[in-house]
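What the coordinates show
What follows is each chain in one-letter form.
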Amino acid sequence: MSETCIFCKIASGEVKGEILEMDEEVVALRDIHPQAPVHVLVMPVKHIESVAALTEGDAHVLGRMALMAQRVARREGVAESGYRLVVNQGEHGGQTVAHLHMHLLGGRQLRGGMG
Ligand code: 5GP
Ligand code: ZN
């Protein structure tokens, strides 16, 4: 838990957020500024700053994030039509919140290309 981190505050319930699923290690939250009809952020409950800050001990959390994304995609009705999972890292990657998160985007045809 970081005292200044917005995602930690949402995961702990201190700040309101539309949480779609949560377990002891991973939480899925609807993005406040959606870029697609379905835009969900899947993140560890624990404050891990980014992919760059991952350690061996945290490695399983990424797998659990992908599994939660898979379940949320099914419930949001985009499992069949398809979706995109994106993790931004650092400044050039476009990361604006320093708490590791995976974007789940779907519900429309996403453009090709990598930025
Ligand atoms: P990044 O740019 O770091 O990859 O993604 C950060 C995402 O967090 C953005 O899509 C932004 O809309 C979302 N976001 C930022 N602050 C909040 C918040 O307070 N609540 C929610 N639900 N999403 C947020
Ligand atoms: Zn945090």
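Report follows, based on the coordinates. Note that the structure is predicted; figures quoted are calculated from it, not measured. (Residues numbered from 1 in each chain as written. Chains lettered and ligands numbered in written order. Predicted model: local features only at pLDDT ≥ 70, side-chain atom pairs only at ≥ 80, totals over all residues. Heavy atoms only, no water.)

A closer look at the coordination of the zinc ion (ligand 2)
Only Cys5 (SG), Cys8 (SG), His47 (ND1) and His99 (ND1) from the protein coordinate the zinc ion (ligand 2), and they sit 2.0 to 2.3 Å from it. Between the four donor atoms coordinating the zinc ion (ligand 2), the angles at the centre fall across 104 to 117°, so the site counts as tetrahedral. Here the donor residues of the zinc ion (ligand 2) share one chain and are spaced in sequence as C-x2-C-x38-H-x51-H. Within this pair, whereas His47 is found in the loop between strand E3 (38-44) and helix H2 (59-75), its partner His99 is found in the loop between helix H3 (90-93) and strand E5 (102-106), the two being separated by 52 residues in sequence. Assessed through its relative accessible area of 22%, His47 is described here as partly exposed. (Donors = N, O, S within 2.8 Å, 3.2 Å for Na, K, Ca; no water. Tetrahedral: all angles 85-135°; square planar, octahedral: opposite > 155°, others 65-115°. Helix = DSSP H or I, 4+ residues; strand = E, 2+ residues; numbered from the N terminus. Buried < 20%, exposed > 50% of the residue type's maximum accessible area, 1.4 Å probe, protein only.)

Regarding the site of ligand 1
Around ligand 1 lies a shell of 17 residues, among which Asp31, Asn88, Thr96, His101 and His103 are the nearest. Asn88 is positioned such that a nitrogen or oxygen atom in its side chain is 2.8 Å from an oxygen atom of ligand 1. Within the backbone of Gly94, an N or O atom sits 2.9 Å from an oxygen atom of ligand 1. Within the residue set of the shell around ligand 1, elements represented by two or more residues are helix H1 (6-12), strand E2 (26-30) and E3. Tallying contributions element by element places H1 first for the shell around ligand 1, with three residues. Taken together, the residues of the shell around ligand 1 break down into seven nonpolar, eight polar and two charged. (Near = heavy atom within 4 Å. Polar contact = N/O pair within 3.5 Å; in protein donor to acceptor, adjacent residues only side chain to side chain. Nonpolar A, V, L, I, M, F, W, Y, C, P; charged D, E, K, R; others polar.)

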